[in-house]
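What follows is the residue order along each chain.
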Amino acid sequence: MFGLRRKPTETEHAAPRPVLDLSGPRLRRAFDDLVQASEPTGGLERYVTALALKASLFDELLGDGQAADLTEAEFLDLAAFITPVRRRISAHLAQFGFEPLRLRLAELVHELDLTDRTDARMAAFDAGFSADSAHRWVRDLGAEVLHFTRPADYPLMTRWVWDAGTGTGVLREIWASEDVDAAKIVATNEAATFQTLRDELDGFLADEGVFRDRHFYVDLLMSHVYAGYINDRGGQYLRTDFTLEGDPMQHTRRMLGLDAVNTETGRTRLRLIDGTVHRFGGLPAPISKESADAHS
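About the thresholds
- Residues numbered from 1 in each chain as written.
- Predicted model: local features only at pLDDT ≥ 70, side-chain atom pairs only at ≥ 80, totals over all residues.
- Heavy atoms only, no water.
- Axes fitted to C-alpha atoms, helices over the stretch in contact; angles between N-to-C directions.
- Helix = DSSP H or I, 4+ residues; strand = E, 2+ residues; numbered from the N terminus.
- Parallel < 35°, antiparallel > 145°, perpendicular 65-115°, else oblique.
- Left-handed = near helix turned anticlockwise from the far one by under 90°.
- Contact = heavy atoms within 4.5 Å.
- Nonpolar A, V, L, I, M, F, W, Y, C, P; charged D, E, K, R; others polar.
- Salt bridge = Lys/Arg side-chain N within 4 Å of Asp/Glu carboxyl O.
- Buried < 20%, exposed > 50% of the residue type's maximum accessible area, 1.4 Å probe, protein only.

What follows is about the packing of helix α6 (residues 99–108) against helix α8 (residues 137–149). Relative to each other, α6 and α8 sit at 45°, their axes nearing to 10 Å. Classified by the angle their axes make, α6 and α8 are oblique. Between α6 and α8 lies a crossing of right-handed hand. Mapping the contact onto sequence places Leu101, Leu105 and Leu108 in α6 and Leu141, Gly142, Val145 and Leu146 in α8. Grouping the amino acids of the contact of α6 with α8 by side-chain chemistry returns 6 nonpolar, 1 polar and no charged.

Here it is, written out as structure tokens:
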């Protein structure tokens with residue numbers, strides 16, 4: 001355990017925080033590598049700006065009661081930025097429709113100022129879906145919605161950050177142990193674990209000279225740590241979502257959904273149930289040269 005502690009807000013319980021034994025040397029290596037790897041594509045500030053834009057989109061569509069009017073097309077815009085969700089959501093919507101999901105999202109983001117209800121929010125959201133392997137994406141959806149709608153108030157609580165059931169995630173990769181694979185990490189999937197992890201990483205980044213937007217820097221650092229795990233030891237399940245490529249920031253972007261949209265065409269990485277590609281913002285499909293010639 002190291003770093004700076006964030007002072008609890010008035011709405012948070014004073015329950016004891018878990019103790020996380022993180023490795024300073026592992027974190028410094030990861031941060032140094034992140035800085036170096038990001039330089040060819042614009043540096044860390046470019047990635048922080050991208051995360052801020054993602055958060056702005058989530059807040060615009062879900063914050064301040066906007067979830068009540070969320071359309072399916074707008075939700076698909078959001079889902080395109082959540083890698084585990086964009087691969088599976090079309091089949092779910094085809095089977096169950098959008099309205100039940102919209103109602104659950106509206107409940108999830110209701111009264112976000114009450115940050116002491118985070119675990120209850122997530123539990124209620126999860127309870128609306130089948131508890132099977134086909135719906136593992138539900139936790140990632142809920143976690144990213146909370147975090148990117150209110151990034152300063154809710155830590156990122158996705159499975160790749162920490163999954164107590166499988167004992168995998170960023171937390172294991174930065175645990176202070178000579179043999180991380182054999183380490184027994186006692187940490188739950190409750191919000192306190194993720195908040196403590198973010199507080200520790202926030203303190204680490206402050207010591208490294210990062211003075212603003214640290215919640216987004218924390219996201220980048222965590223995604224780069226887990227991207228390293230995927231590159232080094234990712235199995236077949238991981239590689240269905242993350243293909244090996246030469247760009248050292250490829251997986252880091254993909255963990256956070258920053259590869260969602262082709263800015264020139266509007267095409268996203270989300271494929272609809274009929275096989276067509278969702279286009280961001282409801283943009284029409286581009287007219288092919290053949291089609292243009294036929295109508296000229």
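Back to the write-up after that little detour.
Glancing now at the pattern of salt bridges. Inspection of the entire model under this criterion finds 13 salt bridges. Here Glu111 makes a salt bridge to Arg117, at a shortest N to O gap of 3.2 Å. Here Glu111 falls in the partly exposed class, since its relative accessible area comes to 42%. Asp259 serves as the salt-bridge partner of Arg254, at 2.7 Å between the closest nitrogen and oxygen. With respect to class, Arg254 is no different from Asp259; both count as buried. The network of salt bridges with shared partners includes Arg86, Arg254, Asp259 and Arg269.

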